[in-house]
Amino acid sequence: MLTDNTNFNQSNSPINLLIVNNDPSALAAINACLNAANLNNLLSVDSAQKALRILRQQTIDVMIVDVDTADLDGWRLSRLVRSGILHCRADMPIIIIASTWCERIAEVTAREYGINQLLPLEHLEQLPHLVRRLAHSQHTSAPKPRLLVVEDEPDTADLIKRVLAASFEIDIASEGDEGLRAWIDGRHDLVLLDVMLPKLSGRDILIEIQSIDSNQPVVIMTAHTTIDQAEELMLLGAVDFLPKPFRAEQLRKVCDIAIHRDDFLVSNAQFAAQVRNLQEREQAYRLLYENHHQLLDDLQSVVMELDADFTICYLNRAWETMMGFTIDECLGKPLERFIAPEDVAQFSLFKNKIRAALRQHKPCPEIELCLSNNRHQKLWAQLKISRSSNARQQQSNLTVCLDNITERRESQEQLKYLAMHDSLTGLYNRHFFETTLAQLTADSVRNNRRHALVYLDLDHFKVINDTFGHQKGDEVLREMSHLLSKRIRGADILCRLGGDEFAILLRDIQASEAHEFARSIQQIIGEFSFQMHEQRVNLGSSIGLTLIDGSTNNAEEHLMRADIALYVAKGRGRNLIHQYDPLDSESDELRHSINMSQKVRKAIADDRMTLYFQPIFDVKNNKVSYYEALVRLIETDGRIIGPNNFIPALEAAGEMHLLDRWIIKLAISQLKEHPELIHIAINLSAQAFKDDNLVPIILENLKESGVNPKRITFELTESASLFNLQITQRVIAELHKLGCSFSVDDFGSGFSSFAYLKDLPADYIKLDGSFIQNLHRDKIDQTLVKSMIQVIQALGKKAVAEYVENEAILEILKTMGIDLVQGYHIGHPLPIEELFSRQAVG
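Everything quoted here is computed from the prediction, not taken from an experiment.

J.: I'd like a rundown of unusual backbone geometry, residues and numbers included.
T.: With an omega of -10 degrees, the peptide bond running from K244 to P245 counts as cis. Along the polypeptide, P245 turns up in the loop between β10 (240-243) and α10 (248-259). A positive phi angle is found at N38, which is not glycine, with a value near 65 degrees. In this fold, N38 is placed in the loop between α1 (24-36) and β2 (42-45).

J.: Requested: an account of the sheet that holds strand β16 (residues 451-458), with residues and values cited.
T.: Across the sheet, 5 strands lie side by side as β17-β18-β16-β21-β22; this open sheet has mixed pairing. Two strands close off the open sheet at either side, each with one partner strand: β17 (493-498) and β22 (577-579). Each neighbouring strand pair of the sheet contributes to a mean axis angle of 20 degrees, computed without reference to strand direction. Two strands pair when backbone bridges link them, and β17 and strand β18 (residues 501-506) are joined in this way by 5 bridges, in the antiparallel orientation. Pairing of C495 across the sheet is with A503, part of β18. Across the sheet, helix α19 (residues 511-527) touches β16, β18, β21 (541-548) and β22, and the angle it forms with β21 is around 160 degrees.

J.: Help me get a handle on α1, residues and values and all.
T.: Taking 1.5 Å of rise per residue, the 13 residues of α1 would be expected to cover 18 Å, and the 18 Å separating its terminal C-alpha atoms lies within 8% of that figure. Within α1, burial applies to A26, L27, I30, N31, C33 and L34. Seen along its axis, α1 keeps its buried residues to an arc of 160 degrees; they face one direction. In α1, the exposed positions that point more than 90 degrees away from the buried face belong to P24, S25 and A36. Positive backbone phi, at 65 degrees, marks N38, one or two positions downstream of α1.

J.: Go over the environment of H828, please, and point to the residues and values.
T.: Along the chain, the position of H828 falls in the loop between β31 (820-821) and β32 (830-831). Judged by its relative accessible area of 43%, H828 falls in the partly exposed class. Apart from the residues within four sequence positions on either side, H828 is in contact with F613, Q614 and P615.

The rules behind each value
In every chain, residue numbers begin from 1 and rise along the written sequence. A pLDDT threshold of at least 70 governs which residues receive local features in this predicted model, and a stricter bar of 80 or more applies before side-chain atom pairs are shown or counted, although totals over entire chains, interfaces and linings include all residues. Based on all heavy atoms of the structure, the side-chain values leave hydrogens and waters out of the count. The helix count covers DSSP runs of H or I at least four residues long, the strand count covers runs of E at least two residues long, and both are numbered beginning at the N terminus. When DSSP finds two or more bridges between a pair of strands, those strands are recorded as paired. With axes taken as lines fitted to C-alpha atoms, and helix axes fitted only over the stretch in contact, angles between N-to-C directions fall between 0 and 180 degrees. Contacts between residues were defined by any pair of non-hydrogen atoms, one from each residue, lying within 4.5 Å. For a helix, the expected span equals 1.5 Å multiplied by the residue count minus one. Exposed residues in this analysis have more than 50% of their type's maximum accessible area, buried residues have under 20%, and partly exposed residues fall in between, with area computed by a 1.4 Å probe over protein chains only. Note that the arc is defined by the directions from the helix axis to the C-beta atoms.

This is how it looks when you write it as C-alpha cells:
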C-alpha cells in the first residue's frame with residue numbers, strides 16, 4: 001500500500017473532497033465524520049460515473065471511494081485516476097473505505113492500484129487525520145523489491161539482470177560464500193540461487209539461509225537436477241525451481257510468484273483465522289441452540305432423533321422444506337431409505353463407526369452423506385451426531401443435526417473442476433497437464449511403456465487477435481478445442497496450456513502411430529476456416545512431437561523436448577510436424593540470436609557499423625592519452641543502436657568473431673585516416689581469444705595499413721581474461737611481440753584477485769565503474785580504490801578509472817595518484833567527425 005509518513009503542517013486552506021459511495025448509511029456516516037472535523041468542502045456522489053464527471057470539471061484534493069460501487073468498483077476508478085488520462089491529478093491521494101475485507105489481499109490490491117490508504121468503515125474516526133495528512137504530503141512511490149542473484153555464469157547473471165531490471169533492484173554474487181555474505185548483509189526480498197557454485201554450494205547456502213530466516217523466499221536454478229534433488233531442495237525450503245536454460249517469460253513468472261509468496265501466505269493465514277473464528281462462533285451458537293432450542297421447528301437445520309437401529313423417531317419442520325417429504329410419512333422409517341443409492345454402502349460404514357464410538361463412549365464422527373429428496377434429486381447433507389438419553393424407554397438414542405451443504409459441495413466440485421480445466425475452452429489446463437505428464441513419465445520408466453507428447457500451436461494466431469479482436473480469437477479457440485476433442489482417443493489427454501498452445505498426451509502408443517495422429521490433427525486444423533468480414537480465414541499449425549519412452553524420469557525434460565521440437569517446426573517454415581532430435585539446436589532465443597547475427601552481417605555489408613571514440617585522460621601529464629573505440633550499429637532509418645542491443649545475441653549465437661574482426665579492421669583503418677587519434681583501445685570479446693585467426697588478422701591489417709602497432713591497446717574484460725588464463729597469456733604475449741599493449745577492463749567485477757595481476761602481462765588495469773561512480777559518497781569504495789591503485793602501480797601497470805562523472809570524483813582520484821581517467825566528465829563517446837570539433841572537459 002502506498003503511504004506517506006511525512007509530517008504535515010496543519011493548514012487553514014480548504015481541502016476539496018470527493019466521496020464516492022452508493023451505500024446511503026455509509027455515505028451519511030462519512031459526511032458526518034468529516035463535518036465534525038471542520039472538513040466541509042465535500043462533494044458526495046453515489047456512482048463512479050458521477051465522480052468522473054466531477055473530476056473533469058473541478059479540482060479535487062483527496063478522493064474517498066468505496067470498494068463496491070454500482071457501475072465501476074473503487075479499484076478500477078482509482079486505476080483510471082492513476083493512469084493520467086483523466087483531467088485531474090494522477091497522484092491525487094485516494095482513500096478506500098470498505099466494510100468487509102481480508103487485510104493482506106486488500107493491501108496487496110491497493111499497492112497494485114496505487115491506493116494511498118485503506119480504512120475499515122469501523123475505524124472511521126481516523127478519516128479526518130488521514131485526509132489532512134494526505135492532502136498536505138507528497139506522494140512517494142513504493143520501492144522496487146530487492147533481488148539477490150547468486151550465479152557464477154556471467155551470461156546467465158547478465159540475462160537475469162536484463163530481464164528483471166525493471167521490476168527489481170538487483171545484486172549479483174558469483175561465488176557461494178560471497179552470495180551468503182551479501183544476503184546476510186542485505187536480507188533481500190528474493191534470492192535466485194544456482195546449485196553449482198564455487199566455494200559454497202547452493203544447497204549449503206539454502207540450508208544456512210533457512211536456519212537464519214525460514215520465511216526467506218529462495219528460487220533454485222540449475223541445469224542438471226534430478227527429481228529427487230529438486231524434491232530435496234524444495235523440502236529444504238526453496239519456494240520454487242527454475243531449470244536452465246529458461247525463457248525470459250518463465251523467469252519473470254517464477255520471480256513474480258515467489259516475490260508475492262508472503263502475500264499469499266499472509267492472506268491464507270488471515271482467511272484461515274477468519275474461517276476458524278466463524279467456525280468457533282458457529283459451534284458455540286449451535287451448542288447453545290441445541291441446549292435450549294434443540295427441537296424447535298423454527299430451526300433452519302434439520303433436527304432428527306434416531307433409535308439404535310437408525311430408525312427416525314423425530315423430525316422438525318426443516319426436514320419437509322429440505323426433502324419435500326412430510327414428517328408423518330418419514331417417522332418410523334430407517335434413515336437409509338432416504339440415502340442416495342450410490343451412498344448406501346458408505347452409510348453402512350458410518351453406522352459401524354458410530355456404534356463403535358457409542359460403545360467406547362467417544363464422540364461420534366461428523367459425516368457427509370448424499371440424500372435423495374421426494375423428486376429423486378441429490379442433496380448433500382452434513383450430519384452432526386450426539387448421544388441423547390430417552391429415560392422413558394431406558395435406551396440411548398441419537399440426536400442428529402443435519403445441514404444442507406449441497407451448495408458447498410457443488411462449489412467444491414466446481415473449484416476442483418476449475419483447478420483442472422481451462423476456463424475458456426473447458427479443456428484440461430496446464431496444471432492437470434503437468435501432473436499427468438509426470439505420471440506418464442514415471443510409468444514409462446517403471447513399466448517400460450511408451451507414450452507420446454504432441455505439442456502444437458496455431459500458426460500466426462496473433463494475426464487473428466490483432467485483426468479481428470480477442471473476442472473472435474477466443475471463439476476460434478473454443479471451436480478448435482471442440483474439433484480436437486472429437487479426434488482424441490478415450491485414454492488420451494487434450495490440454496490447453498495457454499494462448500494458442502495445446503498439448504495432447506497419448507498413452508501406450510508407438511512412434512509411427514503418434515506421427516499419424518499428429519498428421520490427423522494438422523489436417524483437422526488445416527481444414528478449419530471461419531468467415532469474417534466477407535473473407536474466409538484458414539489456419540495452420542506447427543507441431544512438436546516427443547516420445548515419453550523412459551529415457552528420462554524428468555517430466556520437465558519431456559516438455560522441453562516437445563517445446564524445442566515445436567520451435568524447430570516453426571523455425572523451418574511453420575505448418576510442419578517435427579519430432580524431437582537431440583541434435584536439434586533451435587530455440588526461440590537461438591532464432592533471435594540468428595536474426596540479430598544476420599542483422600549485424602547486413603549492417604557490416606552495408607557499412608552501417610561505426611565506431612565512437614571516448615577520450616582517456618592522463619591526469620599527471622594533463623592531456624588525452626588515448627581513445628577507447630566503442631561500436632555502434634546504424635539502423636536503416638538512421639537510429640543509432642548501442643552494443644548492449646546486439647552483442648549478447650551475437651555471443652549466444654557464437655558469432656562474436658564476426659564483429660571482433662570487423663572492429664579490428666575498421667579501428668586500424670581509422671588510425672590510418674586520422675593521425676590525430678594518436679592511440680586507441682580496441683575492445684575484444686571473450687570469444688576473440690578462442691579465434692586462432694585473431695593474431696594473423698591483426699597482423700594482416702597492420703601490414704596493409706602501415707599503422708604503428710604501438711598506437712593500439714587491445715582491451716578485454718577481467719572475467720573474460722580469466723576464463724582461460726593460459727590462452728589469454730599466450731595471445732597477450734603474441735600481441736606484445738607485434739608491439740601492441742593490453743588492458744584489463746572492469747577489474748573488480750568478477751573473480752577479483754590481485755594474484756591474477758601477476759599472471760596477466762597487462763599494461764593497463766581499468767577499475768570497474770561500480771567502485772568509481774559513488775566514490776565521492778562511499779568511504780569503503782575510496783579505501784578499496786586506493787588499495788587497488790597502489791597494488792596496480794606497484795606491479796608496474798597503469799591504473800585507469802572509468803565512470804568519472806563529476807569533478808568531485810576526479811579530484812579524489814587525483815589525490816589517490818590515479819594514472820588515467822575516463823567518463824562523461826572527461827568526454828562523451830563521439831563519432832570521429834565530431835571528436836576533434838569539441839573540447840573535452842579535463
